[in-house]
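Commentary on secondary and tertiary structure
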Amino acid sequence: VSTQSTGVCRRHLFKRAVIGVGIYSAWVSNRGSVKGYFLAGRFMTFIPVGASVFASNIGSEHFIGLVGSGAASGVGVGAFELDATILLQVLGHVFIPVYIASQVSTLPEYMEKRFGGRKRIKLYLTFLSILLYIFTKISVNLYSGALFIETALNWSLYVSVIGILLLTAITTIGGGLTAVIYTDTLQTAIMLTGAAIVAAKSMLEIGGWNGLQEKYRAAVPNETYPGTECGYPRSDAFVMLRNPSTGDIPWPGFIFGQFPSSTWYWCADQMMVQRVLSAKSLSHAQGALVFAGYLKLLPLFLMVIPGMVARAMFPNTIGCATEEACMRFCGSKAGCSNVAYPHLVMTLMPTGLRGIMIAVMLAALMSDLTSIFNSASTLFTMDVWPLIRKQAKTRELLLVGRLFVVFLTIISIVWIPLIKVLQGGQLFIYIQSVSAYLAPPIAAVYLLAITCTWVNEQGAFFGLCAGTLVGIVRMITEFSYTQPRCGMEDTRPGIVTIHYMYYAIIVFWTTILTTLTISFFTECPDPDNLVNTTVWTKNIVSKKDQLDSVEIREKVEEMERSEQQTSNDPAHVKIYNWLCGFSSIEEQEEDAKGLIKSVYQSTKMKYITRLNSAIIISFGVTLYILFSCGKDL
């Protein structure tokens, strides 16, 4: 009883810590301006920003999907994590200097600034991002988090998920991005500590690396389909980048196809970039990405390898091969690899440590959801609402941002019944497929916008449309045909049998070639649109981007009138203003003037950030080589 009480106390301690950090961030943060709420006032240092970038990525789907893929197919899925370490440095040294120099709050806003007054690219990217947040990221996190909680606590899915959603929404609404970053920092420490404990204990249990290689290769379930290899571990399970034709992670497809897909996620997705834009300087932004890059080296060892341990220890359950056996264990015909981590935790960990791991999963789930809520509300408030209300003031924008979080919470709760219908094995494949088909066009357009000065709006828009069309054709065709079970003949059309990484190459280069061709035969972009919006022009100072003193004075005078009207408000109105973060005149004045961000760095900081980025990239490449050179290390 005492150990159970210890686990419960630790879970309550986690909840109290999250609420405490959220309240603290509400006190200290500049929440009363648009930049303060959506970009944390742009005063964040590199450690909390880097921790938030890491926590925003490592959601509960990593502890379920990434670990499950490790159990099912070996170390290959770790390639996605090493890919991220490299792309984070590309973000820091190629993309972020341009984003900071262009003085934008959202990435669709950057596209509008880069290509001029036509808003069709901006609106397309905004609505696409919000829809992807609602129907993929939120659903994946809710499913995977609920799966762990149901396995560990036997709680109702509805009770646990609704409670977490409400706690997440309160944290996000109350403090904005500052609260998200501070709670992410706490949750990163919790996640890494708990995952390290499980990884160490599982490796000791299996007999170290040599024991894992021996037992994983022998992890064949008792029930299999005769005459097939269903249920047998892959012969290349300890190889990361695999055979071009027979591997599930073919090295040409990963390098030339998956890399563009990941470029969108790490370098051109609002949820990730928004955290970096909250840094107080370019040096802190790059330092945060260096810190996050070091952290991203860990999931291979803290998640993928423990998943392989689970398969080696429980071949008849985690590695079940027949539909009947899988249904008996986890209720899914698609397989039971997704329950590898919760099963490992509940089997290996004593009750007290189980409480810690439940806190880890809650931290992972909440870190992703807070990031999604804040980023989606930022996109809607900054890019969509001004089109509805062109003269919207700061207070209105802040209120709309908070109400949109409430809307997302309601949509998420409504989505819960559909989560129970989705099968775990199909859900992870679904997410990967959507990224491979929709992400390459976005990555291609952002890459060309930042690096190629003669690409214009017409080329970018129609290139984006062409690439998206090619991706949607494959996506609709794939979802129209059921993937055959192991051992069955694949009778689907040829377009579906092309590996999704190879198809991503087609989508990416369709976008590139269409964009370049149309841009070449149409008029050149306006030179004013190139100021501070490309890697070649990020240091140009333009009068167009500066607010003159008259405009500043008019904005400040308008805010002063508003302040005078609210200074005599009754007590309950003042309490409402504090809860919503409606700030003093000084904070609103700072928002009116704007923060003109410089990409200047001292020579010392340039050397430090570049040296660390080089070290991280070297580590990543070295691990690729070590895990891809053969069947054994």
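Residues numbered from 1 in each chain as written. Predicted model: local features only at pLDDT ≥ 70, side-chain atom pairs only at ≥ 80, totals over all residues. Heavy atoms only, no water.

1. Some details on the overall build of the protein chain
Selection criterion: The numbering of helices and of strands both runs from the N terminus, where a helix is a DSSP run of H or I of at least 4 residues and a strand a run of E of at least 2. Relative accessibility thresholds used throughout: buried, under 20% of the residue-type maximum; exposed, over 50%; partly exposed, between the two (1.4 Å probe, protein chains only). Only heavy atoms matter for contacts: two residues are in contact if any of them lie within 4.5 Å across the pair. Accessibility throughout is a Shrake-Rupley quantity obtained with a 1.4 Å probe, and a residue counts as covered only by protein chains that appear here.
The secondary structure content of the protein chain amounts to 25 helices and zero strands. Here the protein chain holds 633 residues, and the buried ones make up 57% of them. Once local pairs closer than 6 in sequence are excluded, the contacts in the protein chain between residues at least 24 apart make up 84%. Accessible surface, the protein chain as shown: approximately 25700 Å² in total, 64% of it carbon and sulfur.

2. A closer look at the environment of Thr-534
What counts here: We define a polar contact as two N or O atoms separated by no more than 3.5 Å, with the added condition that, inside protein, one atom must be a possible hydrogen donor and the other a possible acceptor, whereas residues neighbouring each other in sequence contribute only through side-chain atom pairs.
Take Thr-534: it is sitting in the loop between helix H21 (500-521) and helix H22 (549-567). Sequence spacing of Thr-534 and Val-98 is 436 residues, and the spatial spacing of their C-alpha atoms is 6.0 Å. Other than its neighbours up to four places away in sequence, Thr-534 contacts Val-98, Arg-114, Ala-449, Ile-450 and Thr-453. Polar side-chain contacts of Thr-534 include one of 2.8 Å to the side chain of Thr-537.

3. A look at the pattern of salt bridges
Threshold: Salt bridge, as used here: a side-chain nitrogen of Lys or Arg that lies within 4 Å of a carboxyl oxygen of Asp or Glu.
Inspection of every chain in the model, using the stated rule, returns nine salt bridges. Arg-120 is paired through a salt bridge with Glu-457; the nearest N and O atoms lie 2.6 Å apart. One end of the pair, Arg-120, is in helix H7 (residues 120-153); the other, Glu-457, is in helix H19 (residues 457-480), and 337 residues separate them in sequence. The closest approach of N and O atoms between Glu-223 and Arg-328, which form a salt bridge, is 2.4 Å. With Glu-223 in the loop between helix H9 (208-217) and helix H10 (251-267) and Arg-328 in helix H14 (residues 323-330), the pair connects residues that are 105 residues apart, well separated along the chain. Take Arg-328: its relative accessible area is 58%, and that puts it in the exposed class. The network of salt bridges with common partners includes Arg-234, Asp-236, Arg-242 and Asp-248.

4. Some words on the nonpolar core
This is how it is decided: Residues belong to one nonpolar core when they are buried, are Ala, Val, Leu, Ile, Met, Phe, Trp, Tyr or Cys, and are joined through side-chain atoms within 4.5 Å.
Residues Phe-63, Ile-96, Tyr-99 and Tyr-446 are the most contacted members of the largest nonpolar core, which totals 155 residues. Ranked by the residues each element gives to this core, the list is headed by helix H16 (residues 351-388), at 16 residues.

5. A look at the packing of aromatic side chains
We count it as follows: Stacked, edge-to-face and tilted labels apply to pairs of Phe, Tyr and Trp rings (six-membered ring for Trp) whose centres lie within 6.5 Å, assigned for plane angles under 30 degrees, over 60, and everything in between, in that order.
In the structure shown here, the tally under the stated rule is 19 aromatic pairs. Ring centres 5.3 Å apart and planes at 55° place the aromatic pair Phe-63 and Tyr-341 in the tilted group. With Phe-63 in helix H4 (residues 60-73) and Tyr-341 in helix H15 (residues 340-348), this residue pair connects regions lying 278 residues apart in the sequence. For Tyr-341, a relative accessible area of 0% puts it in the buried group. Grouped by ring-pair contacts, the aromatic residues Phe-95, Tyr-99, Tyr-110 and Tyr-446 constitute a single cluster.

6. Notes on the confidence of the model for the protein chain
The condition is simple: The pLDDT value tells you how sure the predictor is about a given residue, anywhere from 0 up to 100.
The pLDDT averaged across the protein chain works out to 77; a share of 76% of its residues lies at or above 70. Within the protein chain, no element has a lower average pLDDT than helix H24 (residues 585-593), which sits at 42, and none a higher one than H21, at 94. Across residues 543-553, confidence stays below pLDDT 50; counting only partners more than four residues off in sequence or on other chains, it has 13 contacts. Here residues 578-597 scores under 50 on pLDDT; set against residues more than four positions off or in separate chains, the count is 55 contacts.

7. What about the packing of helix H5 (residues 78-101) against H10?
What counts is decided by this rule: Helix axes use the C-alpha atoms of the stretch in contact, all axes being lines fitted to C-alpha atoms, and the angles between their N-to-C directions lie in the range 0 to 180 degrees. An angle below 35 degrees is read as roughly parallel, one above 145 as roughly antiparallel, one from 65 to 115 as roughly perpendicular, and any other as oblique. By definition, turning the near helix anticlockwise from the far helix through less than a right angle yields a left-handed crossing, and turning it clockwise yields a right-handed one. Under the grouping applied here, Gly and all other residues not named as nonpolar or charged are polar, the nonpolar ones being Ala, Val, Leu, Ile, Met, Phe, Trp, Tyr, Cys and Pro and the charged ones Asp, Glu, Lys and Arg.
As a packed pair, H5 and H10 sit with axes 9 Å apart at the nearest point and diverge in direction by 55°. Regarding the angle of H5 to H10, the classification is oblique. Between H5 and H10 lies a crossing whose hand is right-handed. Together, Ala-79, Phe-80, Asp-83, Ala-84, Leu-87, Leu-88, Val-90, Leu-91, Phe-95 and Tyr-99 of H5 and Phe-254, Gln-258, Phe-259, Ser-262, Thr-263, Trp-266 and Cys-267 of H10 make up the contact between the two elements. For the contact of H5 with H10, the per-class residue count stands at 13 nonpolar, three polar and one charged.

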